[in-house]
Amino acid sequence: TALRSLLSITRAKLRQDDQEFDVAKKALITGITGQDGAYLAQLLLSKGYEVHGLARRSSTSDVNLSRLQWLGIEKDVRIVDGDLLDLSGLVRTVTDIKPDELYNLAAQSFVASSWQQPVLTGNVTGLGVTNVLEAIRLAKPDTRFYQASSSEMYGLVQQPVQSETTPFYPRSPYAVAKLYGHWITVNYRESFGIHASSGILFNHESPLRGIEFVTRKVTDSVARIKLGLSKELRLGNTSAKRDWGHAKDYVRAMWLMLQQDTPDDYVVATGRTSTVRTMCEIAFSHVGLNIDDHLVIDEALFRPAEVEILLGDPAKAKAKLGWETSISMEELIREMVDADMARHRKA
Ligand code: NAP
Ligand code: F7E
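Each value, and the rule that gives it
- Residues numbered from 1 in each chain as written.
- Chains lettered and ligands numbered in written order.
- Predicted model: local features only at pLDDT ≥ 70, side-chain atom pairs only at ≥ 80, totals over all residues.
- Heavy atoms only, no water.
- Helix = DSSP H or I, 4+ residues; strand = E, 2+ residues; numbered from the N terminus.
- Rg over C-alpha atoms; globule rule 2.2 N^0.38 Å.
- Buried < 20%, exposed > 50% of the residue type's maximum accessible area, 1.4 Å probe, protein only.
- Areas by Shrake-Rupley, 256 points an atom, 1.4 Å probe, with all protein chains shown as cover.
- Pairing = 2+ DSSP bridges.
- Axes fitted to C-alpha atoms, helices over the stretch in contact; angles between N-to-C directions.
- Contact = heavy atoms within 4.5 Å.
- Near = heavy atom within 4 Å.
- Polar contact = N/O pair within 3.5 Å; in protein donor to acceptor, adjacent residues only side chain to side chain.
- Nonpolar A, V, L, I, M, F, W, Y, C, P; charged D, E, K, R; others polar.
- Parallel < 35°, antiparallel > 145°, perpendicular 65-115°, else oblique.
- Left-handed = near helix turned anticlockwise from the far one by under 90°.
- Expected span 1.5 Å × (residues − 1).

### Description of the overall build of the chain
- Along its length, the chain carries 13 helices and 13 strands.
- Taken over the C-alpha trace, the chain has a radius of gyration of 22 Å; the compact-globule value for 347 residues is 20 Å, and the two agree within 12%.
- Overall size of the chain, expressed as C-alpha extent along the three principal axes, is 90 × 45 × 40 Å.
- Burial analysis of the chain (347 residues in total) assigns 50% to the buried set.
- Total accessible area computed for the chain in this model is approximately 16,300 Å², and 51% of it derives from carbon and sulfur atoms.

### Looking at the sheet that holds strand β2 (residues 50–55)
- Taking strand neighbours across the sheet as the criterion, the 7 strands line up as β3-β2-β1-β4-β5-β6-β11 in an open arrangement whose pairing is parallel. Here the strands that pair on one side only, and so sit at the sheet edges, are β3 (78–81) and β11 (265–268). Across the sheet, the mean angle from the axis of one strand to that of its neighbour is 20°, orientation sign disregarded.
- Bridge analysis of strand β6 (residues 196–201) against β11 gives 4 bridges, and the strand direction is parallel. Bridging from a neighbouring strand, L201 pairs with V268 of β11.
- Helix-sheet contacts for helix α2 (residues 35–46) involve β1 (26–30), β2 and β4 (101–104), and the interaxial angle to β1 is about 175°.
- In the packing of helix α7 (residues 118–139) onto the sheet, contacts are made with β4 and β5 (144–150), and the angle to β5 comes to roughly 170°.

### Some remarks on the site of ligand 1
- Lining the immediate surroundings of ligand 1 are 23 residues, of which T33, D36, R56, S109 and Y174 lie closest.
- Contacts to ligand 1 include G34, whose backbone N or O atom sits 3.0 Å from an oxygen atom.
- For ligand 1, the protein covers 89% of the area, taking 900 Å² as the surface of the free molecule.
- Contributing elements (two or more residues each) for the shell around ligand 1: α2, β5 and α8 (173–192).
- Broken down by element, the shell around ligand 1 gets its largest block of residues, 3 residues, from β5.
- Here the shell around ligand 1 is built from residues that sort into 9 nonpolar, 9 polar and 5 charged.

### Some words on the packing of helix α11 (residues 276–286) against helix α13 (residues 329–346)
- Close contact between α11 and α13 brings their axes to 9 Å; oriented N to C, the two are set at 50°. Relative to α13, the element α11 is oriented oblique. When you trace α11 past α13, the crossing you get is right-handed. On α13, the residues touching M279, I282, A283 and H286 of α11 are M329, E330, I333, R334, V337 and D338.
- By residue class, the composition of the contact of α11 with α13 is 6 nonpolar, 1 polar and 3 charged.

### Concerning helix α10 (residues 247–258)
- The end-to-end C-alpha separation of α10 is 17 Å, in line with the 16 Å expected for 12 residues at 1.5 Å each.
- Burial of α10 is extensive: 10 of the 12 residues sit out of reach of the surface.
- Along α10, the residues classified as buried are A247, D249, Y250, V251, A253, M254, W255, L256, M257 and L258.

### Topic: the side chain of T93
- Following the sequence through the fold, T93 ends up in helix α5 (residues 87–97).
- Given the relative accessible area of 7%, T93 is considered buried.
- Look past the residues within four positions of T93 in its chain and what remains in contact with it is L28, L54, V80 and K98.

Following this line, the structure appears as structure tokens:
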């Protein structure tokens, strides 16, 4: 009897110790090699998370980790091979890692490419979301899930300022695929009670933005022109308007969504819109150049169907998550130009 009571006291003490020492939360990020994946990994590491990242195996995996290297965190994250198209691999990964939170950032994310690769875009950006949700449902249904939805879903905008209640009207295979991803997230929340949230994020950029997107294309070109490495910048539709914020601010909103008791959908935006041309002017004037000496409009860069204007209303994110943007579009573009100047000076 004495031995039994000693054992039960020890067990109770162990349980108490477990609660006292907070066990690190585990996060799994798909798309960890991308812009948002890198910043989100950095944020979660700073909060004490054990961070796992799904990455496609490739013969150039050293290059793929370049964003994590830029932030100096490549050794702190645990990379696991995987692909959004591979359901059994995803089930195995969720079974092994048992994440508390799963952020689905992986996608074929370049709108212009989606007309060239509509089937791939549909499979990865759309159906891939179901694969991740199925892995959660089968392997660990209490995992909290974040889906990277997009303002592109508003497309041909149905209201001048877009909120969570604005009807969608997608204008590209990418946007159609994202709309599927958004609704399957809502559906798994309502069907299976999964803690699944969808962040409808407006454009967000940074020095880690892919070079094919317009902001980074502009800041890289401006740096090259300033350093005498190039003379012109070729763009398509410069009258398109976007609500641009900084990726660092936007990954904070993703994390906040998964800390809520109840899952929900949120618009994340700055509430300010500018033309592509205005964004270019900020970049050129930052290094003392005149835009009209270098900008060339190229009809070949216009899209088959354009999203002319996006302007988000972040009121719900502010009220419920306490989220606000902290970096202005001007500060963002100047930071990107400076980073590209430094890159080219080093090269
Ligand atoms: P990004 O830089 O293009 O990163 C996309 C990531 O997805 C990369 O890590 C890529 O891996 C991965 N990926 C692509 N196909 C995959 C597959 N079949 N299996 C596994 N991984 C795959 O995109 P981002 O700007 O960080 O955006 C993150 C997410 O938010 C995306 O879903 C995007 O559509 C969405 N979003 C972005 C914005 C924005 O303004 N940035 C706004 C709204 C929504 P590789 O390195 O191997 O290519
Ligand atoms: O284009 C115009 C182009 O490719 C912005 C993705 O992260 O945000 C991004 O999608 C605008 C468009 O971003 C060029 O026609 C003019 O009107 O930088 P972008 P995007 O298509 O808005 C949303 C929210 C996402 O979800 C996407 O994943 O700029 N534009 N001339 C050009 N765009 C590019 N790329 N290149 C040009 O030469």
